[in-house]
Structures are given as C-alpha cells and as structure tokens.
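Structural overview
Spelled out, the chains give:
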Protein chains: 2
Amino acid sequence: MERILIGDLHDHIDKEVSVAGYVDVRRDHGKLVFLDIRDRSGTVQAVALPNHAEAVEVAQALRPEYVVRVTANVNKRPEKMVNADQANGDIELELLSVTVLAEAAELPFEKEADLNLDTALDNRPFTLRSPRNQAIFKVQSEIVRAYREALLAEGFTEFQAPKIVGGDAEGGAEVFRLEYFKDRWAYLATSPQLYKQIMVGVYERVFTTGNVFRAEKHSTSRHLNEISMLDAEMGFVDSQYDVMDVFTKVLRHIVQHVGETCADELKLMGATLPNTPIEFPHVTLRDAQKLILEKTGRDNTEEPDLTPEDERWLCEYAAEELGSDFLYVTGFPVSKRPFYTMEDPDNPGYAKCFDLLFRGVEISSGNQRVHDYATLTEKMKDKGLEPENFSFYLQAFKYGMPPHGGWGLGLERLTEKMLGLDNVKEASLFPREINRIDTLLTQ
Amino acid sequence: MERILIGDLHDHIDKEVSVAGYVDVRRDHGKLVFLDIRDRSGTVQAVALPNHAEAVEVAQALRPEYVVRVTANVNKRPEKMVNADQANGDIELELLSVTVLAEAAELPFEKEADLNLDTALDNRPFTLRSPRNQAIFKVQSEIVRAYREALLAEGFTEFQAPKIVGGDAEGGAEVFRLEYFKDRWAYLATSPQLYKQIMVGVYERVFTTGNVFRAEKHSTSRHLNEISMLDAEMGFVDSQYDVMDVFTKVLRHIVQHVGETCADELKLMGATLPNTPIEFPHVTLRDAQKLILEKTGRDNTEEPDLTPEDERWLCEYAAEELGSDFLYVTGFPVSKRPFYTMEDPDNPGYAKCFDLLFRGVEISSGNQRVHDYATLTEKMKDKGLEPENFSFYLQAFKYGMPPHGGWGLGLERLTEKMLGLDNVKEASLFPREINRIDTLLTQ
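Residues numbered from 1 in each chain as written. Chains lettered and ligands numbered in written order. Predicted model: local features only at pLDDT ≥ 70, side-chain atom pairs only at ≥ 80, totals over all residues.

Describing the overall build of chain A
Per the secondary structure count, chain A includes twelve helices and 19 strands. Principal-axis analysis of the C-alpha atoms places the extent of chain A at approximately 85 × 60 × 45 Å. For chain A, the proportion of its 443 residues judged to be buried stands at 49%. Across chain A, every contact between residues at least 6 apart in sequence was considered, and the portion connecting residues at least 24 apart equals 66%. (Helix = DSSP H or I, 4+ residues; strand = E, 2+ residues; numbered from the N terminus. Buried ≥ 20, exposed ≤ 12 C-beta atoms within 10 Å, placed from the backbone. Contact = placed C-beta atoms within 7 Å.)

What to know about the relation of the copies chain A and chain B
Once turned by 180 degrees and shifted 0.0 Å along the axis, chain A lies on chain B with an RMSD of 0.0 Å. When the rotation and shift are considered jointly, the pair of chain copies conforms to a two-fold rotation axis. In terms of proximity to the rotation axis, the leading residue of chain A is A:Leu178, whose C-alpha is 2.0 Å off the axis. By residue overlap, the copies meet face to face through one surface: 100% of the interface positions of chain A are interface positions in chain B. (Least-squares fit on C-alpha atoms with pLDDT ≥ 70 in both.)

A few points about the interface of chain A and chain B
Every contact between the two is made by 79 residues of chain A and, on the other side, 79 residues of chain B. Among the elements that take part in the side of chain A that touches chain B, helix H4 (residues 131-153) of chain A stands out by supplying six residues, more than any other. Residue composition of the side of chain A that touches chain B, by class: 41 nonpolar, 16 polar and 22 charged. (Nonpolar A, V, L, I, M, F, W, Y, C, P; charged D, E, K, R; others polar.)

Thoughts on unusual backbone geometry
Positive phi outside glycine occurs at A:Arg359, with the angle close to 50 degrees. In this structure, A:Arg359 sits in the loop between strand S14 (353-358) and strand S15 (361-368). Backbone geometry at B:Asp438 places phi at a positive 70 degrees, although glycine is not the residue there. Inspection of the secondary structure assignment puts B:Asp438 in the loop between strand S18 (436-437) and strand S19 (439-440). On the basis of neighbour count, B:Asp438 is assigned to the buried category, with 25 C-beta atoms found within 10 Å.

Things to note about the domain arrangement of chain A
Partitioning chain A into domains gives domain 1 (6-102) and domain 2 (120-440). Averaged C-alpha coordinates put domain 1 of chain A and domain 2 of chain A at centres separated by 46 Å. (Domains from an automatic or database assignment.)

Regarding the sheet that holds strand S16 (residues 404-410) of chain A
Through backbone hydrogen bonds, the strands of a sheet pair up, either in parallel or in antiparallel fashion. Residues and elements named next belong to chain A. The strand order S6-S10-S11-S16-S15-S14-S13-S12 describes an open sheet built from eight strands, whose pairing is mixed. With partners counted over all chains shown, the strands left at the sheet margins are strand S6 (157-158) and strand S12 (282-284), one partner each. Here two bridges tie S6 to strand S10 (residues 205-213), and the two strands are oriented parallel to one another. Bridge pairing in S10 places Glu-158 opposite Phe-207. (Pairing = 2+ DSSP bridges.)

Section: the pairing of strand S16 (residues 404-410) of chain B
All names here are of chain B. For S16, the buried fraction is high: seven of the seven residues fall into the buried class. Burial along S16 is two-sided: His-404, Gly-406, Gly-408 and Gly-410 facing one way and Gly-405, Trp-407 and Leu-409 facing the other are all buried. Bridge count between strand S11 (residues 226-235) and S16: seven bridges; the pairing is antiparallel. When the bridges of S16 are listed, Met-229 appears paired with Gly-410. Judged from the five bridges that link them, strand S15 (residues 361-368) and S16 form a sheet pairing that is antiparallel. Following the sheet pairing, Gln-368 is matched in S16 by Gly-405.

Digging into the nonpolar core
Ranked by internal contacts, the top residues of the largest apolar core, which has 257 residues, are A:Ala59, A:Leu95, B:Ala59 and B:Leu95. Sequence-distant contacts of A:Ala59, that is, excluding residues within four places in its chain, are made with A:Val33, A:Leu35, A:Ala48, A:Leu95 and A:Val98. (Core = buried A, V, L, I, M, F, W, Y, C linked by C-beta atoms within 7 Å.)

With respect to helix H1 (residues 53-60) of chain B
Residue and element names in this part refer to chain B. Every buried residue belonging to H1 is among Ala-55, Val-56, Val-58 and Ala-59, and all of these are buried. Take H1 and look down its axis: the buried residues cluster within an arc of 170 degrees, on one side only. Projecting away from the buried face of H1 at angles above 90 degrees are the exposed residues Ala-53, Glu-54 and Glu-57. At its buried positions, H1 is contacted by strand S2 (32-39), strand S3 (42-48) and strand S5 (91-102). (Arc of directions from axis to C-beta.)

Things to note about the sheet that holds S19(B)
All names here are of chain B. The three strands are arranged S17-S18-S19 in an open sheet whose pairing can be described as antiparallel. Pairing within the sheet leaves two strands with one partner each, and these edge strands are strand S17 (432-433) and S19. The pairing of S18 with S19 spans two bridges and is antiparallel. In the strand pairing of S19, Arg-436 is matched with Leu-440.

Structure (structure tokens):
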C-alpha cells in the first residue's frame, strides 16, 4: 500500500492508509496504547485498540524514536476529543498493524530536555531531532533559499568558489593550512573575496554560498572556525550605497520569506520577525560615536571601530527611534580595512564601506572595491603584500574591471539573531571550534 | 542619468540613454568609430559619428575590455543594415559621450582564441570572459538552480555540511589533511555522506550542495582534486529503485530547465539536450556484461566493475536502442562498495546500489544504506574500520533510523557531458589539480 504523508491525512478520512515515521511519544493505558507518530510532514495521534490485539502487542513494545510503518483507519475524533490547537487534532489513526522498521536504544534524555551546550553537541545526531533544533535549521534553510531567490531576481549569477587556495588572500595569520601535493602547503579560503571579484569581470553580478574557514583560536559564543557565508559582488556601482540598496532588498526578501514559510517555527522559538523598513537607516562611524557620546556620555569618538557595547546600543537606538532592526554603519577608517577597499575621495582616510548591524551585532561587512589596476597594486604594497603573489587575481584588473562592490553575510550569525539564540554554535549543525570537531578534541 | 541594460534597449528606441559595459570590439573607420558594447544582459553596436567629435576622440583611444559609460541615442537601423541573427541587430547606439571607467592592457590573445588548456587556465580571470566560458558556467549555474528546485518540490530540506572533519569517513587514503588546533590533524571531507545520513533522522529528506576534496594523485582529463557535489538522501525507501525514481525526476527537471534557460548557450556550444525518457533504463552489472559479451565479444563478465570502454559502449547502446542518454547500472558486488552500502538479500554478494552513466561516463553513484545499528557496526569491522571512531555518526542509528538511500552527483562531470567538453577541468571555474592552484605549482 502506498505511503501517505501525515500532513495529507485529511484527504483520507474514513479510509485505510499506510503511514511511516518515528514514534514520537508512547502512552500506555493498559489495553489501549496511544502513539504520536511523526514524519517529515507532521505528527498524528494513533491508537491501538483491544480489537486489534496484534497491533496492541507490537505497540506496547515500542519506545520513542522507533521507526515504524503502520496500516490504520483515519478516523475523525468525536467533538469533545478534538484538540483545535494541533495540526491533526481532529483526527486519529486506528492502528490495524504495526511493523518495526528500526529499533531505538533508550534515549539518553528527553528530546525536549534543556541541555548545556556541550552535552547537546556531544549528542548532536540525536538532539538535532528536537522540535527546537528542527525549527532552527528549517529557518536556516529558508534563509539560504530566499537569499538566492532575491539575487537571481536582481540578475545575479551563482558561481562555485574554490576552498583550497594557494595563499592567504588577505594577509591575516588566522588561516588553516593543509598538505597539498609535492610537499607544498595550501590554505583554506577565509573568504571567496578574490574569486567573486574576478567573476564580476565575467557576469557583472555574482553570488556564491559556501563554507569559509578561520583559524581563530577563540572559544566564545561568537566564534566558529568553519562558517557558511552568503557572498555577493556587483559591477557598475557609484558607491557603497548602491551595494547597500541591493543588499537591503535581499534582506527584506529573506525576512518576508521566513515569515511566510516558518510561522510555526518562529512561534515555537518565541521569535519575532525583524522590522525592515524599505530603506534601512545608515550612519557614519563618527556620527554614531558622537551620538553615543551625547546620549550615554561614553566617549569612543577617536576609536577606529565600534565596541560591542556600542553595537548593542546603536541597534537598540535604531530599533526604538528609527523602527529598524537593521542599521548600516559607514565610513570606517580605511587603514583598518583590507587592501581592496576603496578610500572615499570626499573623506580621505575613510573607506567607502559599511558594516551591517542586526540585533546587537555585526552580521556583514561590505564595501566598494578598488577597481584600478595601478591603485590596487599600490594598496597591496602599502599593506605589506607582494603583488606578485596576486598575479592571478590581478589579471582581472589588468584587463578592465568596472567599479564594483559587494558583501559577505554570515549565515550562522544571521540565523542566531533572527531566532534570538544565545550562542552562534546553536545555529551551526555541526559546529567546528577549537575544542570540537563533532566530538570534543582531547589531548 | 539612470543606467539602462543593453537587453532593455528596445524599450528606449528614439530616446537618449546611459549604458555601461565592456568594449567588446572596436572597429575604426577613420572619422567613424564602431564599438560593440557588452553588459550582463547582452551586446549592442554603437557608433561615434563625426558630429560628436569628443565621443569620436575618446572612442578612438578605446581597446577591447575597456570599461565605459556612454550616453547615446537609441536609433533603429535602416532596413538594409538590420542583422536579424543578432539580439540587438535592428538597433544602434549613436554615441553622445563616452567616459572611461577602467582601462585594459593589450590583450594577450583574442578572447575567442582556441588555446591549449594550460594557457587558458593560466589566464583564467581573462579567458573566463569568452563567450564559450560564459556559456559553460551559465549552464552550470542553471544546473545547480534546477537541482535545488526539483528537490525542494519533492519535500527535501537543504542543509549545510561541514568540510573539516575529524577523520576520513570511508577509510580511503586519498584525503587531504590540515593542521587543526592543539597539534591535531583534521581532514577535508571527501563527501558529506555521514552528515546527510544523520540529517535523514532529522528531516527525512535532505540535500546539500558544496565542495568535496580528493587527494588523488592523478592528472587526467577526468580528475579534479576539489569538486562540487550535488548530494541528496531520503528516508523510507524500499530499495535503491525508490531513490532512482526521485533522482530521475530531478535529472529530467535539470535537463528541461537548462533547455528553457540556456538555449543560446547550448547553441553556441553546439550541444544538444540529452534524451530523458520518463523512466531511465536500468540494467544489472552482470546483465550489462553479458550483453557486452554477446554484442562485442568482450568478456568482462567476471569483473567487479565496468571498464571505461564498457561504460562508453553501454551509453551508446542506451542512446541508440533505448532512446535515453542516461542509464542506471545496478547490482555491483557489495565488497567493492563502502561499508554503509546495503547488501541485496535476494542476491547475496551484490549491493542495493546503482551507478548512473551519462554520455560515456559515470556521473553519480547511489545506494540504499544499512540502517540497522548492529549490522552497520559489523560492516565497519568487516572493512577494517573501528566503530569507536564513528561513535558520533552511529548515534543516529542507535536512536532509530529509517531505511534510506541517496546519491552524490558530480557537478563538473555533469556539466562537461551536458556540453560535450573534452576535459572536466573545462567545467571547473578554478580547477584544483596536482599541478595547479590557479597558477601552476612549480617545485
């Protein structure tokens, strides 16, 4: 008999069906056994009645996470038994037969248990099945889907960026190295930056999603050593504001799409959708620092960056005073930005760049890039980099590159803040960190 | 003035517009200068006429790959000047002003030049701009898009798989290792296999696209050391045939989508869309070998795998006799398959598996997996693997796993064969191989 998904049972009331899924809960009432069965489409209550003795016998031996295939009649529940709050609260499966497809050991703890993070991660293949984790990563998958949809609608072309690279692109030290062939070292890309710039020369507007790797020796609630980045790059921009305009559209589409596709998940997480005005507010670093001084007395007006406290304060300010959960901060000192960042000719010493703040943290950086070959090689030298090591990348500029800019958006951090999680590791299915690759790394 | 895309110029006939793009070709006729200008949406001919002396002067200094912004009148061409074969063959831009946004050095060779592969790859940031390469990677991006669309429509959930792993999952030697923290080695994933199986326990049907890494010391037209894999895994299957049914739908959607979105690119490449009957033919390894013996006299009937020659012959046979460019081969010896492969109880010694052949080569492998915890640990031991090293993965099976199966599909090889390329490296934007990471690796 063909399997019917639990989410489609309403089309089969008063009929016999075959259903397959996990035993979510078993409630034993002597001669009656109640089961909640779940599949990818939902959950339904089933009951083994004394007139189906064989089904009762099998059902009595079941435990949570057993995998079963059942045949059953789909019955309407009597009026007084209807649970209007549940998706299948008005129906019940009357079990005719139960087949065990896989057994499950006794669970180490309840699936909904509130565990400390290390225990949760030690048991990730099991704990991912909790409604909470199912919700987190459903939302994450819809964020990625919406990200791509929005960029395709804006004329962007997707491309596949390599992860093995010949050198550390940005001259930072925090890069993993690996044994390549011929006794050579290669490196894991910290970003697809150079490749997406090259691709602007090919398709003008491009995006890529994939993992990047950062060998940062921190173990905090904000750090991961492997993250998923949502990157994009676009040609023919006049300034970073053109980039921000497209980015804002993309983020608004993500929020709208998550609202439309993940209502149940947001409810379960107690999360509220961000406010996303048609234009996100933006402020320069210096104006932001002046505002902070004026409103809080905290004087960071000479600092080259925002402190975490500043970021939180600005986000609260934007949410309360400007009606936006997103805030762009522009005009950081160019000396603190990578070599490919364009300096603002109207504001020497400062960059044509932005950070995007969301609910207290920076989730993205972007800027207009240097597109002139001679300037770019000079900027490399200024940062102590050897242009010869970048000869491949520089070809794109040698043969004509339009003014362009783009952003990188951290998927885990966006997911974390969208859902109000406490730790970015909760937003990574299999977080990599200094002490853990799946299991804890012991010495 | 707002930039108008070249593909939209027909909406602006007899109007003044601003256009930005690359100089594709310059043809200098003394006091007249003709340019082909291209942007992401198309190409158009532009002319600098003597009555716009300044435009002529700038235009005369242009070379291919210069980046320009122009203002121009959009004129209908006189009847006899219409080129009906070209997208904008009926219009012409009359240049009013030309601004150079970026210069380009003299090109090392014509963009359309037929280069040997090493030269093409040495100059990849430039050679990717050729119409041929633009076509290849446009098709590739549409393949990935269609792959995801098809799986989302079948109830699959996307997930992000880690690339840094703690050990080599399948016990093979051809894996890259990297320096992790605490003087530990970590490894680059050769496949998301174990993670997608874990995710079947969470969402039942899952897919992931991303890079995998294989430290194979070969440099052939079939090898890459970093490839993009299109993976999927699904629960509640009765056999590999259930997996193949979904996979066939996905491949048919890809072919249809590429046909709809890439007609120009296919034409330029001289590629024909594959034949995709509603059901792809399938044959067991042993029956295939018998057929080959019968038809060609080549006796490989005792071999555990198909030879490359067998694969080519079978593909020709399927195309000519069965009207399909795709062919599944099932029933390989289980001893040659990874530990997680399910043995066929009706055909001991053989696996519930398939290879998918397409235009002469295998582009995908799949199978039904072992889902029973005790059997799986036994299979590991049979292959000389330590179940303790897989304790994380095994949790998924300890707590109940449905019968399941899936596939991995190599994006580059599919792209290569879809377009009739000679070498898989042509289907990788930035191919990684034993001798090359962007530039050639010299000793």
